[in-house]
Amino acid sequence: MQEQAILKRKIYLYLTEFFAGMSVMAVELGASRLLAPYFSSSQIVWTIIIGTIMIAMALGNIYGGKSADRDPNPDRLYGRIIVAAIWIALIPVLGRYLIIGISALLVFTVNNNFLIIAAFAACMVIFVFPLFLLGTVTPSLVKYSVDSLDDNGKTVGYLNASNTIGSIIGTFVPTFVTIPAVGTSITFLAFSGILLILSAIYFISAKTPLKRVKKLPVGMAIFLVCCIVGRDNSFAFWQDQLVYEGESVYNYLQVAEDEEKVVLSTNVLFGVQSVYMKDDKLTGLYYDYAMAAPFMAGVHEKKKMNVLILGMGTGTFATQCSRYFKDMHLEGVEIDEKITKLSEQYFNLPENVEVTTYDGRAYLAAVDKKYDVIMVDAYQDITIPFQMSSIEFFTLVKEHLTEDGVMVVNMNMRGSKSGSINDYISDTISHVFREVYTVDVNGSTNRELFASNKEEMLKTYEENLQQEKNKELQGMMTMVQENLKSYQPGKRLLTDDQAPVELLGMQMIDEIIQEELKYYKDIYERDGIHGLMEQVL
C-alpha cells in the first residue's frame, strides 16, 4: 500500500510512539494544573487524574488492538491522532467552563465527597476521550511493525522504549519548561500541534488524497482558532480586579487589588493566602491573631527577637510584625520563588526580611539556629503537606525553639465535627508541647494554635500586653486573649508513616461547602431553579 511506504523504515513508527507517549504525560500534567486552581493539587486529585487516565489508556489499548486486527490501515490510526489533537487543543478553550459547569451541577446534588466526585467527573468529561484515542497507538503500531516472528520481540521492545522515553520527556518539559514559562493553555496547544504535525507528515508523505483525509484541514483550522482564543491563562475568568495571574512550578497564582488591599490566592474557589493592607492597619484576619505569639514569647522583655515563618507566602505576617515590633529579626521560608517575587512587586515586603527558597521541613533539618517564635503557615487552603503535619515535624520545630519559644500554627479549615483535620493536628502537637491554646478567627474558617513548653506562656502574654503602646494592636491582642481556649488533647496522631491529611481535608471541605450552600439550597427546594436564579442574579 502506498500510504504505508513511510512506515516501512519503522523509524516513523518509533517517532509516533515517542510523541504519543510524550503527549499523554503532557496532558496528564496539564490536567493537574487545570484542576488544581479549583480542586487543589492534593494526592487525592492526583489519584483521580492518574486513575481516569489509566482507564482511558486501557480501553484505548483494547480498542486499538481490535481495530488494527479488523482493518490494518494506518490511515485510521493517524486519523484518530488528529481527533485527539483537536480535542486537546479545545481543552484550554472550554476546559475551565466545563469544570465550573460540572461543579455547579453537582454542588446542589452531592452532599458528601463533593470535590472527589466533581474532580472525577471533570476528568472523565475533559480528558478520557483524547487519551483513549492515544491509547490506541501502541497496539496499532505493533500490528503495522511486526513483519515476522523472528524479530517481533525486538520491534515491540523498541516501540515500548520509544513510548517510555517520550513519556519521560513529556513529564519534565511541561513541569520545568512550558507551564512555568508560557502557562497551561499554551502547553496543551503545543502538544496538540505536535500531534497534528505528526499526522500531517504521515498523510502528506503517503500522498493521501485530500478527500480521504478531511480531518486534517479541519483539524488545522480548529487548532488555529484555538491558538487565537485559547491562549488566555485566566482560571478565574469571572473576576475583573486581577492585576496578575500566572503559574509557577508549584502553584496557580492570582493577585487581586482594590482601593484597600492587595490579595494573593492560589486557588480560585477557596480563600486567600496573603493580604496587604494599603493603609498600614491591621487586617482583621489570622495574621493579626498570630501576632499574639511574640507577646507570649516576651516581645517587650527581650532586646531582640528571632522569628521564623515556614510558608512565607507574600509575607503578610512578616510585614505586620516589622510594622508593630522593633528589634525583631524576621526570616521566611517559601518553596515557591515566584511568590517571593510577587511579594516584592505587589506586597511591599520589607527589605530586611530574609527569604529562603526551600521546603519548610527541609530547612529546619538543615539549620541549627533557635528562634523565639516559629510560625507554621504552610497549610494552603485544601492542600496540607503531610510532612509538615506529623509528630516528627513538630518535634523538629520544638528543637528549633528557645526554652521559652512559642510556635503558632495557622489551621485554615475549622470545622464543628469531632475528628476533623484540625483535631488530628492539634492532638499531634499536644504530644510534643505541654501548653497548647487555640483561638478561632472571626469571620473565617481559620483557627490559630499556640504551643510552647513554657508554663507561664499566658502570664508572659498578659505582662507584655500591658506594655504595648499601640492601642489598635493592644485591642486586637486583648480580644485574642479573651477568646483563647486551652486545648484538651485526644489520642489522634499523625506520623510520617500515617497521615491521611487529604481524606481529612476533603471531609472538612464538604462540611464547609454544605454550610455555605445551605441558604441557596433552601431557596432551591422552596422556589425551584427560577427562585435560585433570581436570588443569584
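Note: the structure precedes this text.
Residues numbered from 1 in each chain as written. Predicted model: local features only at pLDDT ≥ 70, side-chain atom pairs only at ≥ 80, totals over all residues. Heavy atoms only, no water.

Colleague: Could you give me a rundown of the nonpolar core, with the residues and numbers involved?
Modeller: In this structure, L35, F39, Y78, I99, F127 and L131 are the most contacted members of the largest nonpolar core, which totals 63 residues. Contributions of two or more residues to this core are made by α1 (11–39), α2 (43–70), α3 (74–107), α4 (114–134), α5 (137–145), α7 (184–205) and α8 (215–229). If you tally residues by element for this core, the top one is α3, at 15 residues. One finds A292, F317, A318 and L484 within the second-largest nonpolar core, a separate group that totals 44 residues. (Core = buried A, V, L, I, M, F, W, Y, C linked by side-chain atoms within 4.5 Å. Buried < 20%, exposed > 50% of the residue type's maximum accessible area, 1.4 Å probe, protein only. Helix = DSSP H or I, 4+ residues; strand = E, 2+ residues; numbered from the N terminus.)

Colleague: Can you break down the packing of α1 against helix α6 (residues 152–182) residue by residue, with the values?
Modeller: Across the interface, α1 lies against α6 with an axial gap of 6 Å and an inter-helix angle of 35°. Remark: the crossing between α1 and α6 carries right-handed chirality. Residues of the contact of α1 with α6, tallied by class, amount to 13 nonpolar, nine polar and two charged. (Axes fitted to C-alpha atoms, helices over the stretch in contact; angles between N-to-C directions. Left-handed = near helix turned anticlockwise from the far one by under 90°. Nonpolar A, V, L, I, M, F, W, Y, C, P; charged D, E, K, R; others polar.)

Colleague: Go over a nonpolar patch on the surface with me, naming the residues and quoting the values.
Modeller: Residues I165, I168, I169, F172, F176, V177, V249, Y250 and I335 make up a contiguous nonpolar surface patch of about 820 Å² in total accessible area. Position of I169 among the secondary structure elements: in helix α6. A residue is classified by how much of its surface remains accessible, and I169, at 32% relative accessible area, is partly exposed. (Patch = residues over 30% accessible without salt bridge, like charges linked within 9 Å, V, L, I, M, F, W, Y side chains within 5 Å. Areas by Shrake-Rupley, 256 points an atom, 1.4 Å probe, with all protein chains shown as cover. Salt bridge = Lys/Arg side-chain N within 4 Å of Asp/Glu carboxyl O.)

Colleague: Give a description of the side chain of E28 that names residues and reports values.
Modeller: Relative to the elements of secondary structure, E28 occurs in helix α1. Buried and unpaired, E28 has R33 as its nearest opposite-charge partner, separated by 13 Å. Setting aside residues no more than four positions away along its own chain, E28 makes contact with W46, I49, I50 and I53. (Lys, Arg positive; Asp, Glu negative; His and termini not counted. Contact = heavy atoms within 4.5 Å.)

Colleague: Any details on the packing of α3 against α8? Residues and values, ideally.
Modeller: The interhelical angle for the contact between α3 and α8, taken along N-to-C directions, is 15°, at an axis separation of 9 Å. Regarding the angle of α3 to α8, the classification is roughly parallel. In this structure, the crossing between α3 and α8 has a hand that is left-handed. Counting all contacts with α3, which are made through G79, I82, V83, I86, A89, L90 and V93, the residues of α8 involved are K215, L216, G219, I222, F223, C226 and V229. When the residues that make up the contact of α3 with α8 are grouped by side-chain class, the tally is eleven nonpolar, two polar and one charged. (Parallel < 35°, antiparallel > 145°, perpendicular 65-115°, else oblique.)

Colleague: Go over the sheet that holds strand β8 (residues 371–376) with me, naming the residues and quoting the values.
Modeller: With mixed pairing, the eight strands of this open sheet are ordered in space as β7-β6-β5-β8-β9-β11-β10-β12. In this open sheet, the two strands that pair with only one neighbour each are β7 (354–356) and β12 (485–486). Looking at chain direction, strand β5 (residues 305–310) and strand β6 (residues 328–333) are connected through six bridges and run parallel. Across the sheet, the residue bridging to L310 is V333, located in β6. (Pairing = 2+ DSSP bridges.)

Colleague: So what's going on with the pattern of salt bridges? Residues and values would help.
Modeller: Applying the stated criterion to the full structure yields eleven salt bridges. Here D69 ties to K143 by a salt bridge, and the two come within 3.2 Å at their closest N and O atoms. Taken together, the residues span a long stretch of sequence, with D69 in helix α2 and K143 in helix α5 at a distance of 74 residues. Across the pair D71 and R76 runs a salt bridge, and its minimum N-O distance is 3.8 Å. Look at R76 and you get partly exposed, because its relative accessible area is 37%. Through salt bridges with shared partners, a single ionic network connects K302, D372 and D404.

Colleague: Which residues make up the environment of L159, and what are the values?
Modeller: Mapped onto the fold, L159 is located in helix α6. Residue L159 is classed as buried on the basis of its relative accessible area, which comes to 0%. In this structure, the C-alpha to C-alpha distance between L159 and T16, residues 143 residues apart in sequence, is 9.1 Å. In this structure, L159 is in contact with L13, Y14, E17, L141, V142 and S145, ignoring residues within four places of it in sequence.

Remember, this is a structural readout, not a statement about activity or role.
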